[in-house]
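Here are the chains, one letter per residue:
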Amino acid sequence: MTAAAQTSAAPALDPRLKDMANAIRALSMDAVEKAACGHPGMPMGMADAATVLWAKHLKFDPADPAWPDRDRFVLSAGHGSMLLYSLLHLTGYADMTMEQLRNFRQLGSITAGHPEYGHAAGVETTTGPLGQGISTAVGMALAERMLNARFGGDLVDHFTWVIASDGDLQEGISHEAISLAGHLRLSRLIVLWDDNSISIDGATSLSDSSDVLKRFQAAGWATFHADGHDMAAVDAALTAAKTAGRPALIACRTVIGFGAPGKAGSEKSHGSPLGASEIDGARAALGWAHPPFEIPDDVRAAWRETAKRGAQARAAWEKRLAASPQRKAFEAQLAAGPPKSALDALAARRKAVAAARPALASRAASGETLDALVPAMPQLVGGSADLTGSNNTRARDQKPVVPGDYSGSYIFFGVREHGMAAACNGLALHGGFRPYAGTFLVFADYCRPAIRLSALMNQPVVYVFTHDSIGLGEDGPTHQPVEHLASLRAMPNVAVFRPADALETAECWELAMKRTDGPSVLALSRQKLPFLRADDGSENLCARGAYVLREAKDARAVIIATGSEAMVAVKAAELLTEKGVAARVVSAPCLELFAQQDRAYRDAVLPPALQKVAVEAAARFGWDAWIGPDGGFVGMDGFGASAPAEALYEHFGITPERVAAAVIARL
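Residues numbered from 1 in each chain as written. Predicted model: local features only at pLDDT ≥ 70, side-chain atom pairs only at ≥ 80, totals over all residues. Heavy atoms only, no water.

(A) A look at the overall build of the chain. Counting its secondary structure elements, the chain contains 26 helices and 20 strands. The C-alpha atoms of the chain give 28 Å as radius of gyration, which agrees with the globular expectation for 667 residues (26 Å, within 12%). Summarising its shape, the C-alpha atoms of the chain cover approximately 90 × 55 × 45 Å along the three principal directions. Put simply, of all contacts in the chain between residues at least 6 apart along the chain, 78% involve residues at least 24 apart. Taking the 64 positively charged and 72 negatively charged side chains of the chain as two groups, their mean positions are separated by 4 Å. (Helix = DSSP H or I, 4+ residues; strand = E, 2+ residues; numbered from the N terminus. Rg over C-alpha atoms; globule rule 2.2 N^0.38 Å. Contact = heavy atoms within 4.5 Å. Lys, Arg positive; Asp, Glu negative; His and termini not counted. Charge placed at Lys NZ, Arg CZ, Asp CG, Glu CD.)

See the structure below:
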């Protein structure tokens, strides 16, 4: 469908829309100018398209920003944040006052340089790292289809809209997300591409000659194009996209910095203030005669009218919900924490494991935990980046999500680790689901930017990272993580769990499920681990991060271990006993939780007067906080090698004998 055809078929639009768009332009260039930094060009270029979207298509209600059946709007081009802030202010979101716009990019304001989830109502996700927004939106659109499959169109029937930049589509993650969305035929996902052909360096032709529309078509998307400044053409394209039956891309050909007499169409309007004289010229060119941060009453009234359609839709939806026999189930699906049925299943799993005392790889123990948890927790959905059998992420009889049938709860993400992690953020942000994502720990690097956003946005995504050390064996150093535990522990608001046996694995899953304000990482072994615990599983001993696994009377030292090395620590303590040296063994499955305990508990587990040695088949970085700079550490100081696991532990000296020697050397 050509833009010309769309325009000729479109009805006449409200003539006030142009002034409404110019209000966005004025607020954006004024706020950036006052802050003396920012990106005015994108909001000025996409103001027309965004106005048509919000005024005629987007389903939203500022009076209830979290209404479950609202449309989701994602500004993937987060550098153009003043576009979103202007829209939120103009449409009547109570917290987005004019004072907040005046304080753009200032400490304590809700108008950060890039939109931040949780700071302002109407900001559905944190964006700014290019490619993350569009990829997160794929998860939101998938969540909508999955909830629709469970509860029907009366309760779940909305779109996910994205404004994406050239940079978003150049980032590698976008290829993964676009491919996944096309495969799953996510027909409620519509992307407006700000096709302005400008990047910070200059014309996009300096670095890219891709045919973007063909790329999307090849991935199974419907594509449309329109003059981004022809509101009728944009309206027609949006209307057509909603009935395409596939995810849709609309290429909106725009002029960056539209209206600026000397900088429009140039990288000069991209990432810096326009300057006073250029702003004066833009006001004249746009016919906007109003002072900075002043919106005429008629323009403000026109914008406030746009929210009435959403308010009516919300009221109708609330009546349907009240009358629905599925109301209780729907509201339970949206609850933040795990249901009682899930906690009961996990408690039963702990006791069953404690009674059976199985020797299992922690990845296998994780799989068995999911077998118990998935049927008890309808909100739990997840998948793997083409490693299902290795990650043990698919529960027994767990139904997959497939194109056209979204009623399952297991997602085959394909070899798309980065896109998978971002989509899981979208699933969590949308509401209704607790997502988990699986791959090898070494490939956490492919997920890292999305994990960081999970942490920044306080989203409870669970990352199931198996093959967590040299213990994976013959695949060699390309697949053997060394620095990864330290790097993930260094990230704020991430809880890294590395369980030592099957019981700790069940406990760590329980803690991950109870955690609702940030992501959890489960670092799990490929190799079989002996069962180490002697209790009955009635108490979650991992809940405080570290605990005494083996006590020793008159202990002179403490050996601290995580994961597969806990058995090394236990054997080292036995060797020391033979030499007349008493050593306590502490299992530390989650150092972040241990750090949150009070000083009395930490000192009780790790008495300050005792010598300390830590053992972990990973880098030392970060351990000095617990063992001190003079404490002993047995682990890795370089990359691994290709060999059976047993040979590698011997080769790299991660042995009971070496741990015992490190203890004796410090007495």
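More follows now that the structure is in view.
(B) A look at the environment of Gly545. Note that Gly545 resides in the loop between β15 (528-529) and β16 (547-550). The sequence separation of Gly545 and Phe594 amounts to 49 residues, and the corresponding C-alpha distance is 4.1 Å. In contact with Gly545, other than residues within four places in its own chain, are Ser587, Ala588, Pro589, Cys590, Leu593 and Phe594.

(C) Expanded view of helix α11 (residues 276-286). Among the residues making up α11, those that are buried are Glu278, Ile279, Ala282, Arg283 and Leu286. Taken end-on, α11 shows its buried residues confined to a sector of 140°, consistent with a single buried face. Exposed positions of α11 whose direction lies more than 90 degrees from the buried face are Ala276, Ser277, Asp280, Ala284 and Ala285. Taken together, the buried residues of α11 touch α2 (17-35) and α3 (41-56). Phi turns positive, to about 70°, at Gly287, one or two residues after α11. (Buried < 20%, exposed > 50% of the residue type's maximum accessible area, 1.4 Å probe, protein only. Arc of directions from axis to C-beta.)

(D) The pattern of salt bridges, seen in detail. Overall, the coordinates contain 29 salt bridges when judged by the stated rule. Its salt-bridge partner being Arg314, residue Asp64 comes within 3.9 Å of it at the nearest N-O pair. Note that Asp64 is positioned in the loop between α3 and β1 (72-75) and Arg314 in helix α12 (residues 297-323), a separation of 250 residues in sequence. Overall, the relative accessible area of 26% leaves Asp64 in the partly exposed class. Note that Arg498 and Glu565 form a salt bridge whose closest N and O atoms lie 2.6 Å from each other. A residue pair is termed long-range when its members are at least 10 positions apart, and Arg498 in the loop between β13 (495-497) and α20 (502-514) and Glu565 in the loop between β17 (557-561) and α21 (566-578) qualify at 67 residues. We classify Arg498 as buried; its relative accessible area is 0%. A residue is classified by how much of its surface remains accessible, and Glu565, at 0% relative accessible area, is buried. (Salt bridge = Lys/Arg side-chain N within 4 Å of Asp/Glu carboxyl O.)

(E) Up close: the packing of aromatic side chains. Inspection of the entire model under this criterion finds 17 aromatic pairs. Summarising the aromatic geometry, the rings of Trp67 and Trp317 are spaced 6.5 Å apart at their centres and angled 65° between planes, so their arrangement reads as edge-to-face. Residue Trp67 is found in the loop between α3 and β1, and its partner Trp317 is found in helix α12; the two are separated by 250 residues along the sequence. Since its relative accessible area comes to 1%, Trp67 is described here as buried. One aromatic cluster is present, built from ring pairs that chain together Trp54, Phe60, Phe73 and Tyr93. Sitting over the ring of Phe159, Arg188 keeps its end group 4.7 Å from the ring centre. (Phe/Tyr/Trp six-rings, centres within 6.5 Å; stacked < 30°, edge-to-face > 60°. Lys NZ or Arg CZ within 6 Å of the ring centre and 35° of its normal.)

(F) Quick peek at a negative patch on the surface. A cluster of acidic residues, Asp19, Glu294, Asp297 and Asp298, forms a negative patch at the surface. Using a relative accessible area of 51% as the deciding quantity, one classes Asp298 as exposed. (Patch = residues over 30% accessible without salt bridge, like charges linked within 9 Å, V, L, I, M, F, W, Y side chains within 5 Å. Areas by Shrake-Rupley, 256 points an atom, 1.4 Å probe, with all protein chains shown as cover.)

(G) Expanded view of the nonpolar core. Among the nonpolar cores identified, the biggest contains 77 residues, and Trp509, Ile559, Ile560, Val615 and Ile654 are the most heavily contacted of them. With seven residues, the top contributor of residues to this core is α21. Apart from residues no more than four positions distant in its own chain, Ile559 is found in contact with Ala569, Ala572, Ala573, Leu576, Ala583, Arg584, Val585, Val586, Val613, Val615, Val659 and Val663. In this structure, Val212, Met420, Ala421 and Leu429 belong to the second largest nonpolar core, which totals 71 residues. (Core = buried A, V, L, I, M, F, W, Y, C linked by side-chain atoms within 4.5 Å.)

(H) The packing of α3 against helix α10 (residues 231-241), seen in detail. One can describe the packing of α3 onto α10 by two numbers: an axis separation of 9 Å at closest approach and a directional angle of 50°. Viewed along their axes, α3 and α10 adopt a mutual orientation that is oblique. Note on packing geometry: the crossing formed by α3 with α10 is right-handed. Residues Asp48, Ala49, Thr51, Val52, Leu53 and Lys56 of α3 lie in contact with α10, whose contacting residues are Met231, Val234, Asp235 and Leu238. Looking at the contact of α3 with α10 residue by residue, the classes come out as six nonpolar, one polar and three charged. (Axes fitted to C-alpha atoms, helices over the stretch in contact; angles between N-to-C directions. Parallel < 35°, antiparallel > 145°, perpendicular 65-115°, else oblique. Left-handed = near helix turned anticlockwise from the far one by under 90°. Nonpolar A, V, L, I, M, F, W, Y, C, P; charged D, E, K, R; others polar.)

(I) Layout of the environment of Ala486. Summarising the element assignment, Ala486 is placed in helix α19 (residues 484-489). Sequence separation between Ala486 and Ala619 is 133 residues, and the spatial gap between their C-alpha atoms is 6.9 Å.

(J) Structural detail: the sheet that holds strand β11 (residues 434-440). On the basis of which strands lie adjacent, the open sheet formed by six strands has the order β10-β9-β11-β12-β14-β13 and parallel pairing. Strands with a single pairing partner mark the edges of an open sheet, and in this sheet they are β10 (410-412) and β13. Strand after strand, the sheet turns through a mean of 20° between neighbouring axes, direction not considered. Sheet strands touched by helix α17 (residues 417-430): β9 (380-384), β10, β11 and β12 (462-466). Its angle to β11, the strand with the most contacts, is close to 165°. (Pairing = 2+ DSSP bridges.)

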